[in-house]
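# Secondary and tertiary structure notes
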Amino acid sequence: MTSMIRTGVFLLTLTALAVTWAQPSSAQDDDRLEAFLEVTGFDVALESMKLTASSAPGMIGLEADDFGQQWTTLVEEVFDTDEMHGMAFEILRETLEPDILMHAVEFYASDLGQRLVEVENASHMKDDDALKYESGEAIVAGLVQIGSPRLGELKRLNAAVGSEDASIHAIQEVQVRFLMAAATAGVIELRMDEADLRENLKRQEGEMRRDMQRNGLAGSAYTYQAFSDDEISAYADALEHPAMQKVYALMNAVQFEIMADRYEAMALGMRDLRPSQEL
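For the structure given in this document, a descriptive report is provided here. (Residues numbered from 1 in each chain as written. Predicted model: local features only at pLDDT ≥ 70, side-chain atom pairs only at ≥ 80, totals over all residues. Heavy atoms only, no water.)

Here we take up the packing of helix α10 (residues 150–161) against helix α13 (residues 205–223). With their axes 10 Å apart at the nearest point, α10 and α13 run at an angle of 110 degrees to one another. With respect to each other, α10 and α13 are oriented roughly perpendicular. Both α10 and α13 take part in a crossing whose hand is right-handed. Between α10 and α13, the residues in contact are L151, L154, K155 and N158 and G216, L217, S220 and A221, respectively. Partitioning the contact of α10 with α13 into residue classes produces four nonpolar, three polar and one charged. (Axes fitted to C-alpha atoms, helices over the stretch in contact; angles between N-to-C directions. Helix = DSSP H or I, 4+ residues; strand = E, 2+ residues; numbered from the N terminus. Parallel < 35°, antiparallel > 145°, perpendicular 65-115°, else oblique. Left-handed = near helix turned anticlockwise from the far one by under 90°. Contact = heavy atoms within 4.5 Å. Nonpolar A, V, L, I, M, F, W, Y, C, P; charged D, E, K, R; others polar.)

Pasting the structure below:
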């Protein structure tokens, strides 16, 4: 999901995908998948992982600023966009069915689809999350005050994008793999085994779920503020379609797997940045 998509190029690329899909060639299939990843903005979602990497040291009681330029260099090396793109491509090439892919292509070829990708890309790459969520919460508060049905449609939209339970479990997996890798690398001394760590994180699920719901709603209110209520409803309808549900479930799973893999790599790289610290 690239941050600056030109509408004309976007539409031409998707049209080419739709017209040439029937041609039976492995190389052409690869080209279509590459184009799909670009025009749907998936690469931007991968690139935005760099922005969230600053939160990783917080898991071990540190701050990214503690490492100075070394941290920036490590993040750039670990979250290499080309490498992450290659990982996503290889998984999706084996798992994303052509008919499911084409269903998503047809939606994102529409005027609404193009406009949605543009704002989602911009939101992904906005590095001031605090301002984004503060603005989004103000919008939500206003919707609550006037009893707007838009609030319900935003919640439906968020639910359609991905299973809340799956997201929570995926985030927990990222945390576990990061902390276990950090312990293996000698960055921290972990006073619990993996089973105890997972149980400890499970006890925090309630708070995590509330935070996810609140932040997700604020984020959607901010991102889609320029869209009408009818357009929000139409987007939710599109995402609730079984084919689109399969696309998002798969792409979410791929994104979380890449995130966990890169966080493991980052933990191993941290051993060269700072002496061991007890957790």
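Here the focus is the nonpolar core. The biggest cluster of nonpolar side chains holds 74 residues, and the ones touching the most others in it are F36, W71, F79, F178, Y235, M266 and M270. Per-element accounting of this core gives the leading share, 13 residues, to helix α15 (residues 242–269). Beyond its immediate sequence surroundings of up to four residues, M270 is in contact with I60, F67, W71, L74, F178 and V187. (Core = buried A, V, L, I, M, F, W, Y, C linked by side-chain atoms within 4.5 Å. Buried < 20%, exposed > 50% of the residue type's maximum accessible area, 1.4 Å probe, protein only.)

The subject of this paragraph is the environment of I232. On the secondary structure map, I232 appears in helix α14 (residues 229–240). For I232, a relative accessible area of 0% puts it in the buried group. Excluding residues that lie within four positions of it along the chain, I232 makes contacts with R150, E153, L154, L157, Y224 and F227.

Here we take up the packing of aromatic side chains. Per the counting criterion, the structure on display carries six aromatic pairs. With centroids separated by 6.0 Å and ring planes inclined at 85 degrees, the aromatic side chains of F79 and Y263 adopt a geometry described as edge-to-face. One end of the pair, F79, is in the loop between α5 (69–78) and α6 (81–95); the other, Y263, is in helix α15, with 184 residues separating them in the sequence. For Y263, a relative accessible area of 4% puts it in the buried group. Geometrically, the ring pair formed by F107 and Y108 is edge-to-face, given 5.1 Å between the ring centres and 75 degrees between the ring planes. For the pair shown, F107 and Y108 are each scored as buried. Counting every residue linked through ring pairs, the aromatic cluster contains F107, Y108, Y224, F227 and Y235. (Phe/Tyr/Trp six-rings, centres within 6.5 Å; stacked < 30°, edge-to-face > 60°.)

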